[in-house]
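Listed here are the chains, written in short residue letters.
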Amino acid sequence: MTPTVLDAITGAIIISPPRHSGNPASGDLGDNFCHSPLLKQGNIRLLRLLPHKDTKAPIQCQLFEYPLQEPNRGAHLYDALSYVWGSEEDKQPIFIQSHDKGDGSSTAPSTGNNRRLLVTANLHAVLSHIRDRLLERVMWIDAVCINQEDDDEKGLQVQSMAKVYAYANRVIVWLGEAASDSGEAFKALRKAAREQHARHSIERPTQQAILSLLKRPWFQRIWVVQEVAAARHILIKCGPLEIDGFIFCLGLGALKLSYDTCPDLQDLIPPITYLIRDAIFRPRYEASQPETSQPATFSLNIHPLGELVDMYHTRKATNRLDKAYALLGMSSDDPRTAGLLADYKQPWGEVFRKLIQFSLSDQVFIDTWDDCSVAVIQGKGHIVGRVSSVQSDDDPQGDMQSIRIAWKNVLGDFHTEGEENSRFDIPASAKLIHKGDIIYLLHGTLKPTIVRLCNSYLRVIMITAPLSETESRWSEHLRSITTTSPTDFMMIWDWDT
């Protein structure tokens, strides 16, 4: 299928020119820092943030190699940073020292092996806020600890990121600099968490302050899902303000905020806050694999990859590849069998096609393009039912939804009431399921796809709906469809709309 056919279905594709991330700061850069290759596969770099009594002093730090693969009887005493890179404009320098730590008393970088590394203003701000006056801090920060200029290293390190956050002593979530009402929001959340059983009435300015906090870019990014899903202790910072992640979520749950003025937050915030809330209940991960194990063998085993894609694919990423790679470390199946490993040399269209094929079956035909997140899926299948009702989960964690399905009978009609309707509790999807959506079973798959009729094609809403095979009506349909002839179909899966 050519882009011309896709244009006729979804409208013209606008091809934007490549976005170049390079943005040299003005002035002479002096000696720039260059990463040395890691000595051993499975190792990572950690950043030692050096102390300084002057809050405005240049940021000085050191990088050292750390054997994350080795079993550790105690905790790994480093913090991992979860943040948004932010604008590439107005980058700020930090200084990497090879040997000389400095005494923390000078306002200029200490003499010796200093090399300058430009980082985004948002990262520079968080380093300034978390730097201690007297003590060193050991951190893992992707922009510094991974050689971003080396696609091979970046791919290998990304495969270990779930492990990096899982082994960290603490994950620090950086929301950005504080606004004028951020302190009010943190105060209200603490009070609500402390008085769990009290009846809370929240004034409009306070509610707006909290909603403003939740609108920050951090909550929209796809990488943060894995980062907080792996964490065992989370600290949330906003400028100089900070709050424990568990307290943050308790406060949100107790206040029962209305998202009427910000409907997009209704589906964006609960799936993240329930992951933050559950961090303190996660056991310490053990490095039980031998040193020769591949980094990609580690996973948080949360959901099959297809279900994770359904839940999170509308979240944002600067690089389209990260919309797939950010989910691999949470997958309970093994995407390596389909060649899905973080590789930043692969074109997006190929990765997108592999991901869909892995989620469905090898009996469907898939067309993808490198410059858009749209796929055309063709094959054969059966309409087995339609959604008769949808109900969101009332639980504050908001990660589930209930749907009722009216099954198609032997005459081709849909049952509308009584015992012929089945209820399923399934994970909340990034795209909202509506009453009337169609349950479609593609040839070669065991999990149905939920689609919506749009003109002459079917729009994918949920690529692999996890209906339980033990439910009697669904089991009957799985057995009976082999007796009827499948029909041809064409589906469009658009991740951006």
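Residues numbered from 1 in each chain as written. Predicted model: local features only at pLDDT ≥ 70, side-chain atom pairs only at ≥ 80, totals over all residues. Heavy atoms only, no water.

Within an unreviewed UniProt entry, the label attached to the protein chain reads Heterokaryon incompatibility protein-domain-containing protein, and the organism entered is Lasiosphaeria hispida.

With that settled, the discussion passes to the overall build of the protein chain. Regarding its fold elements, the protein chain presents 15 helices and 17 strands. Relative to its 497 residues, the protein chain shows a buried fraction of 51%. Of the roughly 23,500 Å² of accessible surface on the protein chain, a fraction of 50% belongs to carbon and sulfur atoms. (Helix = DSSP H or I, 4+ residues; strand = E, 2+ residues; numbered from the N terminus. Buried < 20%, exposed > 50% of the residue type's maximum accessible area, 1.4 Å probe, protein only. Areas by Shrake-Rupley, 256 points an atom, 1.4 Å probe, with all protein chains shown as cover.)

Right, let's talk about the packing of aromatic side chains for a bit. For the structure shown, the criterion picks out 14 aromatic pairs. For the ring pair tyrosine 325 and tyrosine 344, a centre distance of 5.3 Å and an interplane angle of 80° mean the geometry is edge-to-face. Residue tyrosine 325 is located in helix α13 (residues 322-328), and its partner tyrosine 344 is located in the loop between α13 and α14 (348-359); the two are separated by 19 residues in the primary sequence. This pair shows no difference in class: tyrosine 325 is buried, exactly as tyrosine 344 is. Seen in terms of ring centroids, tryptophan 348 and tryptophan 495 are 5.8 Å apart; in terms of plane orientation they differ by 65°. Their pairing is edge-to-face. Residue tryptophan 348 is located in helix α14, and its partner tryptophan 495 is located in the segment after β17 (487-494); the two are separated by 147 residues in the primary sequence. (Phe/Tyr/Trp six-rings, centres within 6.5 Å; stacked < 30°, edge-to-face > 60°.)

With that out of the way, let us pick up the confidence of the model for the protein chain. Confidence along the protein chain averages 83 in pLDDT terms, with 80% of residues attaining 70 or more. Under a pLDDT of 50 for its full length, residues 1-30 has, in the predicted model, 33 contacts with residues more than four places off or in other chains. Contacts from residues 289-296, a stretch scored under 50 in pLDDT, to residues over four places away or in other chains number 18 contacts. (pLDDT = per-residue confidence, 0-100. Contact = heavy atoms within 4.5 Å.)

One broad rule of soluble globular proteins: the nonpolar side chains tend to lie buried together. Residues Leu123, Trp140, Leu214, Trp218, Phe248, Tyr325 and Ile377 are the most contacted members of the largest nonpolar core, which totals 122 residues. Apart from residues no more than four positions distant in its own chain, tyrosine 325 is found in contact with Val158, Trp223, Leu341, Ala342, Asp343, Tyr344, Gln346 and Val351. Counting 15 residues, the second largest nonpolar core, distinct from the first, contains Val384, Val387, Ile439 and Leu441. (Core = buried A, V, L, I, M, F, W, Y, C linked by side-chain atoms within 4.5 Å.)

Moving on, we come to the pairing of strand β2 (residues 60-66). Of all seven residues in β2, five are buried, a share of seventy percent or more. With six bridges connecting them, strand β1 (residues 44-49) and β2 associate as antiparallel partners. Its bridge partner lying in β2, leucine 49 is registered against cysteine 61. Direction of pairing for β2 relative to strand β4 (residues 92-97): parallel, over a ladder of three bridges. (Pairing = 2+ DSSP bridges.)

Burial within strand β3 (residues 76-82) is extensive, with six of its seven residues counted as buried. Judged from the five bridges that link them, β3 and strand β7 (residues 168-174) form a sheet pairing that is parallel. In the strand pairing of β7, alanine 80 is matched with valine 171. Pairing between β3 and strand β6 (residues 137-140): two bridges, direction parallel. Counterpart to alanine 80 in the pairing with β6 is tryptophan 140.

Contact geometry of helix α6 (residues 182-194) with helix α9 (residues 245-255) gives a least axis separation of 7 Å together with a crossing angle of 80°. Regarding the angle of α6 to α9, the classification is roughly perpendicular. Taken together, the residues of α9 that come into contact with α6 (itself represented by Ala188, Leu189, Arg190, Ala192 and Ala193) are Ile247, Phe248, Leu250, Gly251, Leu252, Ala254 and Leu255. Partitioned by chemical class, the residues of the contact of α6 with α9 number 10 nonpolar, one polar and one charged. (Axes fitted to C-alpha atoms, helices over the stretch in contact; angles between N-to-C directions. Parallel < 35°, antiparallel > 145°, perpendicular 65-115°, else oblique. Nonpolar A, V, L, I, M, F, W, Y, C, P; charged D, E, K, R; others polar.)

Before going further, it helps to examine the state of the cysteines. Under the criterion given, the structure shown has zero disulfides. Between cysteine 145, a free cysteine, and cysteine 61, which holds the nearest cysteine sulfur, the sulfur-to-sulfur gap is 8.8 Å. (Disulfide = S-S within 2.5 Å.)

What follows covers the side chain of serine 299. Its place among the elements puts serine 299 in the loop between α11 (270-277) and α12 (305-312). In this structure the side chain of serine 299 is engaged in a polar contact, spanning 3.2 Å, whose partner is the backbone nitrogen of asparagine 301. Within the structure, serine 299 has its side chain in polar contact with the backbone oxygen of glycine 329 (distance 3.2 Å). In this view, serine 299 contacts Leu328, Gly329, Met330 and Ser331; residues no more than four positions away in its chain are not counted. (Polar contact = N/O pair within 3.5 Å; in protein donor to acceptor, adjacent residues only side chain to side chain.)

To continue, consider the environment of arginine 404. Secondary-structure assignment places arginine 404 in strand β12 (residues 400-407). On the basis of relative accessibility, which here comes to 36%, the residue arginine 404 falls in the partly exposed class. The spacing of arginine 404 and aspartate 425 is 21 residues in sequence and 9.0 Å in space, taken between C-alpha atoms. In this structure, arginine 404 is in contact with Arg386, Val387, Ser388, Ser389, Asn421, Ser422 and Arg423, ignoring residues within four places of it in sequence.

Here aspartate 90, not a glycine, exhibits a phi torsion of approximately 55°, which is positive. Relative to the helices and strands, aspartate 90 resides in the loop between β3 and β4. Classification of aspartate 90 as exposed rests on a relative accessible area of 53%. Residues other than glycine seldom take positive phi values, yet lysine 256 does so here, at roughly 50°. Inspection of the secondary structure assignment puts lysine 256 in the loop between α9 and α10 (264-268). For lysine 256, a relative accessible area of 66% puts it in the exposed group.

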